[in-house]
Amino acid sequence: MVGMEHAWVLPALPFGAFVLLMLAGRYLPRRGDLLAVGAMAASAVLFSFVLADLTDALAHGEFQGVFSGTDWLKFDTFHVRLGFYFDRLAAVMLAVVTYVGTLIFVYSMGYMKGDPRYGWFFAAMSLFAASMMTLVLADNLLLLYGAWEAVGFCSYLLIGFWHERRPAAEAAKKAFITTRIGDVGFLIGIVLLWREAGTFNLQEIFRFAQEGGYSTPYLTLAVLLLFAGAVGKSAQFPLHVWLPDAMEGPTPVSALIHAATMVVAGVYMVARTMPLFQEADPVALDVVTSLGLTTVVLSATIALVVRDVKRVIAYSTINSLGLMMVALGAGSVTAAMFYLFVHGFFKALLFLAAGNVLHATDRQTVDDLGGLARKMPLTAVAFGVGALAMAGLFPFAGFWAKDEILVAAREYHNQVAVAVLWVSVALAALYMGRLYTLVFTGQPRDRHVWEHAHEGPPIMVGPVLLLTLGAVVTGFLAFDQVGEALGLGGGIGQFVYLEEPHTFHMPWGEAIGSTLLVVASLGAAWAIWGGKGELAVQLGKRLQPLYLLLWNKYYMDDLYQWIVNRIVLAGGAVVAWFDRVVVNDTGVDGSAGLTALGGWLMRQLQTGKLPNYALAIATGAAVIGAVVLVSRM
Amino acid sequence: MLSLLVFLPLAGTALVAVLPRRWEGRARWIALGASLGCLGIALALFAAYDRGGPQFQFVDRHVWLSSDVAPFSVQYALGVDGLSLPLLVLTAFLTVVAVLISWEIGPRPKEYFAWLLVLESSLLGVFSSLDLVLFFLFFELELLPMYFLISIWGTGRRIYSAWKYVFFTFFGSAFMLVGILALGLEAGTFDIRALQEMGPIRQAVLPAPAIFAFLIIGFGIKLPVVPLHTWLPDAHTDAPTAVSVMLAGVLLKMGGYGILRLCISLLPEVARDASLWLGAFAGATILYGALATLMQRDLKRLIAYSSVSHMGYVLLGASALGTVGLVGASMQMFTHGLITGLLFVMVGLVYERTHTRDIGELGGLAARLPYLTVVMVFAGLASLGLPSLAGFVSEATVFLGTFPRHQALAVMGVLGVLLAAAYILWMVQRVFWGEAAPRWQSLQEKVAWWERVPTLALMTVILLVGVYPSPLMDLFEGGIIPIVERLT
């Protein structure tokens, strides 16, 4: 029987596919894509068994979490045991990675067809999925960090997949380096935690913290540094700038990065280490909340003016990630993970549906699109469902999860957060409504493109439809009845929680309020951008300074570019110049020159000519004589 | 056994030297045979070393010079411990790589391979000497082959670079010799083991801090430590590929080895006082080297400067004076040898195909040189400390070891890793990604077996050490613990 102790096989499957594809990919039929997809699907199936085992254990009420592991390093006080830890938090995350991941893999077979590096694509995607599963299952910070970096590296490979294109290569580098800025903090945070506790094992560190092993300021600093890693990975302000650029990668990559791997890793990591945040000074969670809120406002407003379809979705992801962080800041692991779970489905849906549009039209700015609902009805419906789920309309998945976050913020008594979240709800509906209106309704802006548009092949439409289903039904996991029917022993609140399970109660205030707000926003979006979009043009003129501010993304990219050019590279130039001119040419060659000069001067004395020596002896004698005479006097 | 290891390359040299002119082409086979023999012996020692046994094993000891008048004697003594054994393996391994990578070296292959083998002998001698005088002799012997290898088979300003290298090393050696003589005369022996057992030396002909400073200057030039590093970019850049590999891969480690074996081990009290200074120089070396790397336009010079930055971690780990830091430092020597060795090999292979190292002229090579791209990116990732590759293990261990003692400096070290990501990825982007310029369109990638074998071997070892470093770390630890015991 396959049980939880076999959880380590989950990442091993796609990893094995990666190795096989790298070694023998070119000899396999179809460059081995079926192997990669098969391995991913096998992971999903295996996960279902593991989950069944988990629910079985839950039913007997004996479940704590399952370890498996091996010694990696052992010397002196430095003892590292690497292992996997499977619990309910990991289960939620793995559900997203394996199920959504499999659908994305299948879709890729259609989307990437004919690419010259088709096999390499599936190899890299497999490694990506394997790294993410390892990250989820890691029972200690060192393995977590290793997988974390591996995820970053895979995203580098895949964002830069079409590396002949300069923007793609730039975006890949930007993603890696920006997230690595956060990772510097993450690594130092890990070192801080290890230094006092003497272990990297998460459960042991939690125990150590709960026993008061860390002083509060020390622990606060450490968790804030951990959070720095999450800020980079999960594209939170001020390190969010890499995510929109990452749209240069192929669309399935965007779907995988946004829904299942990479960006949600930061949220997962904070959720995983939440016991430490709880022990630390409240200021730590306040920082999480405030950065989350800043991110929400920033991304939701920028999304209103972006004209690239994929980038709008990217900003919507940043918006969602901000919401998850706010939930975590309010201490609600349940709300954050619930949102993460349903977000995986509807965000993958949005990207893959957008991918269908790109595939059919070869265009990705709204200026060339429009009226596509008539040409691509299935995709239009699917994208619409995804957009409504993102906007949070009843009864789509986003509605339930978003309301959980609203409740969490209210119960945390954070008035600012509550206010900002309500604004965010309105903005999300507004920009998602705008995007749908511009792409699928109205008159085509480019007739030629429109006429050639068509629905994609079944292999691309199928996964989109399944995800559509997911974007509708996953939200019902909030209900205990649904969870019990699935054997989870209750709704999501009974399944993933930090301190005590909580039962879902319909928050009527939030539900009705947010529904009205979303409907109003969607109506506004239709009014502004629908038809010929005259109102949008007028608004743009009327509010030009605001429009420019948003269009330039609050000038943050420019600021960072300035810092890189004027501070880092200029610093490098100064050092390089100093090294050559001052240290080497002046210091080293200069002293060598001085020595040579000294040698040359001395050589003048030794001419080898007798008269010169005679003269020198005579002069010397005369001088000595003179000195003697003078001193006698 | 050890003597056989140390002198096998010299035997190879002798054989190459008597080779008739018309068989000149066969010199490389002799060199390959000798270096493979050394690798075999080194690996056998690695396997046979008893990790629970005495510190120094396989000892070969004979009195060499002694007189009734002088209060000391000089011995021929070889032996290895956990610190030196991995470095012997590294030396033997990289020499094989160096021989293969110079398979089609230009003029006068006979002399070339003869000098390369002399170089190997001297390096193996340095790491296995148990007598300070012998150590010094081997330390100096290395100059001779290096001078000829750079000045005859080099490129660019090779004569200048070769002289610069020799002068710098001589300058350092002068100080080092004073330090060694002061130690030996005071103790009445040059035997490293005897010196270790004597307990700390406080007052000799010279005060202990002065001896320490002299030794540090000598080894600091080799390591190198900013500001004593300027010989390195020139020598690396102008040396032929295989010599750059040896230089970065092994010769720099003589500095790190000396610091661990002599400075810290024999003068622990001074080392404790100087800890912060060592760390400060290490931090400066890391950041200064990384910033300078960022702005290099010559591919080889870029790798050379990155080497300066990475060797800073060796000193940083050493400055922490604890088991973890010292193991990290010695691990860093080993992994840096592999990774930078591979990077230099790759630069050489790219240069052979493009005939330029100017990053501005290169670009879009990924389409034309897929295999070289994969290997270069692999080496780059190892260099920027990607977990699961060797560089991460050593650098992370250095941070962990340094943090408790010098927090700010450890943070500087972590920042160095960030800069490493920047300069490596920027380099990769400018050289390999993007559209290939027209002049590279006709580039053909034919990878000969003597190029493929060493690159694959290096990649395998980098991955193995990164995934499962324990066997190596255990061994280093065995060499480090006696040093740490003297520190406390």
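In case you missed it, the structure is sitting above this.
Counting restarts for each chain: residues are numbered from 1 in the order of the written sequence. Throughout, the order in which chains and ligands are written sets their labels, letters from A for the former and numbers from 1 for the latter. Reporting in this predicted model follows two pLDDT cut-offs: at least 70 for local features of residues, and 80 or more for side-chain atom pairs to be given and counted; totals over whole chains, interfaces and linings ignore these cut-offs and use all residues. Only heavy atoms go into the side-chain values, all of them from the structure, while hydrogens and water stay out.

## Considering the overall build of chain A
So, point 1. Starting at the N terminus, helices and strands are each numbered in turn, a helix being any DSSP run of H or I of at least four residues and a strand any DSSP run of E of at least two. Along the backbone of chain A there are 27 helices and two strands.
So, point 2. Counting only C-alpha atoms, chain A reaches 120 × 65 × 60 Å along its principal axes.
So, point 3. The buried label applies to any residue whose accessible area, calculated with a 1.4 Å probe on protein chains only, is under 20% of its type's maximum; exposed applies above 50%, and partly exposed to all values in between. Expressed as a percentage of its 633 residues, the buried residues of chain A come to 58%.
So, point 4. Contact between two residues is taken to exist if any of their heavy atoms lie within 4.5 Å; hydrogens are not considered. Taking as baseline every contact in chain A between residues at least 6 positions apart, the subset at least 24 positions apart corresponds to 79%.
So, point 5. Only the protein chains shown count as cover for residues, and the accessible areas themselves come from Shrake-Rupley with a 1.4 Å probe. Of the roughly 24700 Å² that chain A leaves accessible, carbon and sulfur atoms contribute 66%.
So, point 6. With 38 positive and 43 negative side-chain charges, chain A shows a spacing of 13 Å between the two charge centroids. Positive: Lys, Arg. Negative: Asp, Glu. His and the chain ends are not part of the count. Where a charge lies is defined by one atom per residue type, namely NZ (Lys), CZ (Arg), CG (Asp) and CD (Glu).

## Considering the overall build of chain B
So, point 1. Looking only at helices and strands, chain B features 20 helices and two strands.
So, point 2. Relative to its length of 488 residues, chain B is compact, with a C-alpha radius of gyration of 21 Å against a globular reference of 23 Å.
So, point 3. Taken along the three principal axes of its C-alpha coordinates, chain B extends 70 × 60 × 40 Å.
So, point 4. For chain B, with 488 residues in total, the buried portion stands at 68%. In this description the radius of gyration comes from C-alpha coordinates, and the expected globular size is given by 2.2 Å times residues to the power 0.38.

## So, helix H3 (residues 84-101) of chain B
So, point 1. One less than the residue count of a helix, multiplied by 1.5 Å, gives the span that helix is expected to have. Relative to the 26 Å expected for 18 residues at 1.5 Å per residue, H3(B) spans 25 Å between its end C-alpha atoms, a close match to the ideal helical length.
So, point 2. Along H3(B), 18 of the 18 residues are buried, which leaves the element largely enclosed by surrounding structure.

## Quick word on the environment of B:Phe378
All names here are of chain B.
So, point 1. Of note, Phe378 is situated in helix H16 (residues 370-383).
So, point 2. In sequence terms Phe378 and Ile462 are 84 residues apart; their C-alpha atoms lie 9.6 Å from each other.
So, point 3. Residues in contact with Phe378, not counting those within four places in the same chain, are Leu342, Leu389, Met459, Ile462 and Leu463.

## Structural notes on the interface of chain B and chain A
Interfaces are often sized by the amount of accessible area the parts lose when they come together.
So, point 1. Contacts between the two partners involve 56 residues from chain B, matched on the other side by 43 residues from chain A.
So, point 2. Between chain B and chain A, a total of about 4400 Å² is buried, with carbon and sulfur atoms accounting for 72% of that surface.
So, point 3. Whenever Lys or Arg places a side-chain nitrogen within 4 Å of a carboxyl oxygen from Asp or Glu, that contact is recorded as a salt bridge. Close ionic contact of B:Asp234 with A:Arg580 constitutes a salt bridge, the shortest N to O distance being 3.5 Å.
So, point 4. Polar contact is the term for a pair of N or O atoms within 3.5 Å; when the atoms are in protein, one must be able to donate a hydrogen and the other to accept it, and sequence-neighboring residues count only if both atoms are side-chain atoms. Between chain B and chain A we count twelve residue pairs in polar contact (both at pLDDT 80 or more) in total.
So, point 5. In terms of residue count, the dominant contributor to the side of chain B that touches chain A is helix H18 (residues 407-431) of chain B (13 residues). Summed over both partners, the accessible area (1.4 Å probe) lost when two parts come together is defined as the buried area.

## Quick notes on the nonpolar core
Most often, soluble globular proteins have nonpolar side chains that are buried together.
So, point 1. Among buried residues, those of type Ala, Val, Leu, Ile, Met, Phe, Trp, Tyr and Cys that are joined through side-chain atoms within 4.5 Å constitute a nonpolar core. One finds A:Phe86, A:Met337, B:Leu215 and B:Ile264 to be the most contacted residues of the largest nonpolar core, which totals 433 residues.
So, point 2. Of all the elements, helix H15 (residues 333-361) of chain A adds the most residues to this core, at 21 residues.
So, point 3. Beyond its immediate chain neighbours, meaning those up to four positions away, A:Met337 contacts A:Leu89, A:Val92, A:Met93, A:Tyr268, A:Ala271 and A:Val496.

## Points about a nonpolar patch on the surface
All names here are of chain A.
So, point 1. Patch membership requires over 30% relative accessible area and the absence of a salt bridge. Like charges are linked within 9 Å, and nonpolar side chains (Val, Leu, Ile, Met, Phe, Trp, Tyr) within 5 Å. Together, Leu535, Leu539, Leu543, Leu546, Leu548, Leu549, Trp551 and Tyr555 make up a nonpolar patch on the protein surface, roughly 670 Å² of accessible area in all.
So, point 2. Here the nonpolar patch gets four residues from one element, more than from any other, and that element is helix H25 (residues 544-551).
So, point 3. Tracing the chain through its elements places Leu535 in helix H24 (residues 534-542).

## Regarding the pairing of strand E2 (residues 73-80) of chain B
Residues and elements named next belong to chain B.
So, point 1. Counting buried positions along E2 yields seven of eight residues, so the element is predominantly enclosed.
So, point 2. Inspection of the sheet shows strand E1 (residues 57-66) paired to E2 by seven bridges, in the antiparallel sense. Bridge pairing in E2 places Arg61 opposite Ala77. Any two strands with at least two DSSP bridges between them are considered paired.

Structural measurements only, silent on function.
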